[in-house]
Amino acid sequence: MQYINVGYGNIVVADRIISIISPGAAPIKRMIQEAKQSNLVIDATTGRKTRAVIVMDTGHLVLSAIQPETVISRTKNHREIIDKEDD
C-alpha cells in the first residue's frame, strides 16, 4: 500500500483516490456540506483554508490545505514508483 501526503503530516492511501478537485465551485461546496451531514468528511486542513478536496472510493471527502496541483504531483510520483516496481 502506498500513501500520499496531503499536508501537515496527514496521509491517504494513494490507490483509493478517485479525484482531486478545487473547492471553489458551488457544486463542490454543496457536495462538501452533504458529506459533512453524512459524516463522510475528513478534515486534514489542521485549521487552514481548504485548497483541495480529495474524493475517495469509499465516498469520503478529504479536505486538504495544499493546492490540488501539489497533490496531483505527489500522486504522479507515486504512480512512477509503482510502474518502476512492476518492471
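Residue indices follow the written sequence of each chain, beginning from 1 at its first position. Local features in this predicted model are restricted to residues whose pLDDT is 70 or higher, and side-chain atom pairs enter the listing and the counts only when it is 80 or higher, whereas totals over whole chains, interfaces and linings include all residues. Water and hydrogen atoms were dropped before computing side-chain values, which therefore reflect all heavy atoms in the structure.

Participant: Which parts of the structure should I look at to understand the overall build of the protein?
Facilitator: A helix here means a DSSP run of H or I that spans at least four residues, while a strand means a run of E at least two residues long, and both kinds are numbered starting from the N terminus. A count of helical and extended segments in the protein gives two helices and six strands. Ordered by position in the sequence, the α and β elements of the protein form the string β-β-β-α-β-β-β-α. What makes two residues a contact is simply this: any of their non-hydrogen atoms within 4.5 Å. At a minimum sequence separation of 6, the contacts of the protein that also span at least 24 residues come to 51%. Note on areas: Shrake-Rupley with a 1.4 Å probe; residue coverage comes only from the protein chains shown. Surface accessibility of the protein: about 5,500 Å² in total, with carbon and sulfur atoms responsible for 49%.

Participant: What is the right way to look at the packing of aromatic side chains in this model?
Facilitator: Geometry of an aromatic ring pair is reported as the spacing of the ring centres plus the angle between the planes. Ring pairs are drawn from Phe, Tyr and Trp, using the six-membered ring of Trp, whenever the two centres fall within 6.5 Å, and their geometry is named by plane angle: stacked under 30 degrees, edge-to-face over 60, tilted for the rest. Applying the stated criterion to the full structure yields zero aromatic pairs. Think of it as a cone above the ring: NZ of Lys or CZ of Arg counts as a charge over the ring if it is within 6 Å of the ring centre and within 35 degrees of the ring normal. Of note, R48 hangs over the ring of Y8, and the distance from its end group to the ring centre comes to 3.7 Å.

Participant: Help me understand the pairing of strand β1 (residues 3–7) in this model?
Facilitator: Regular strands place their side chains on alternate faces of the sheet. For two strands to be treated as a pair, DSSP must find at least two bridges joining them. The pairing of β1 with strand β2 (residues 10–13) spans four bridges and is classified as antiparallel. Each residue of the ladder has a partner; that of N5, found in β2, is I11. Counting the residues between successive antiparallel strands, the hairpin from β1 to β2 contains two residues, one of them, Y8, with a positive phi of roughly 55°.

Participant: Please explain the side chain of T45 as it appears in this structure.
Facilitator: Within the secondary structure, T45 is located in the loop between β4 (41–43) and β5 (52–56). Classification of residues uses two cut-offs on accessible area relative to the type maximum, computed with a 1.4 Å probe and protein chains only: under 20% is buried, over 50% is exposed, and between them is partly exposed. Taking the relative accessible area as the measure of exposure, T45 reaches 2% and is therefore buried. In this structure the side chain of T45 is engaged in a polar contact, spanning 2.5 Å, whose partner is the side chain of D43. Once residues within four sequence positions are removed from consideration, T45 is found in contact with Y8, T50, L63, S64 and A65. Under the rule applied, a polar contact is a pair of N or O atoms within 3.5 Å (in protein, one hydrogen donor and one hydrogen acceptor; residues adjacent in sequence only if both atoms are side-chain atoms).

Participant: How should I be thinking about the nonpolar core in this particular structure?
Facilitator: For our purposes a nonpolar core is just a set of buried Ala, Val, Leu, Ile, Met, Phe, Trp, Tyr and Cys residues, chained together by side-chain atoms within 4.5 Å. The biggest cluster of nonpolar side chains holds 13 residues, and the ones touching the most others in it are V6, V12, I17, I20, I54, M56 and V62. For this core, the secondary-structure elements that each account for two or more residues are β1, β3 (17–21) and β5. Element by element, the count of residues in this core is highest for β5, at three residues. Non-local contacts of V6, meaning those with residues more than four positions away in its chain, are made with I11, V12, A44, I54, V62, S64, A65, I66 and R74. By size, the runner-up hydrophobic cluster in this structure holds seven residues, among which are V53, V55, L61 and L63.

Participant: Would you mind showing me how to read the environment of Q67 here?
Facilitator: If you trace the backbone, Q67 turns up in the loop between β6 (61–64) and α2 (68–86). By relative accessible area, Q67 is classed as partly exposed at 35%. With 46 residues separating them along the chain, Q67 and I21 place their C-alpha atoms 9.4 Å apart. Excluding residues within four positions of it along the chain, Q67 makes contact with R51 and A52.

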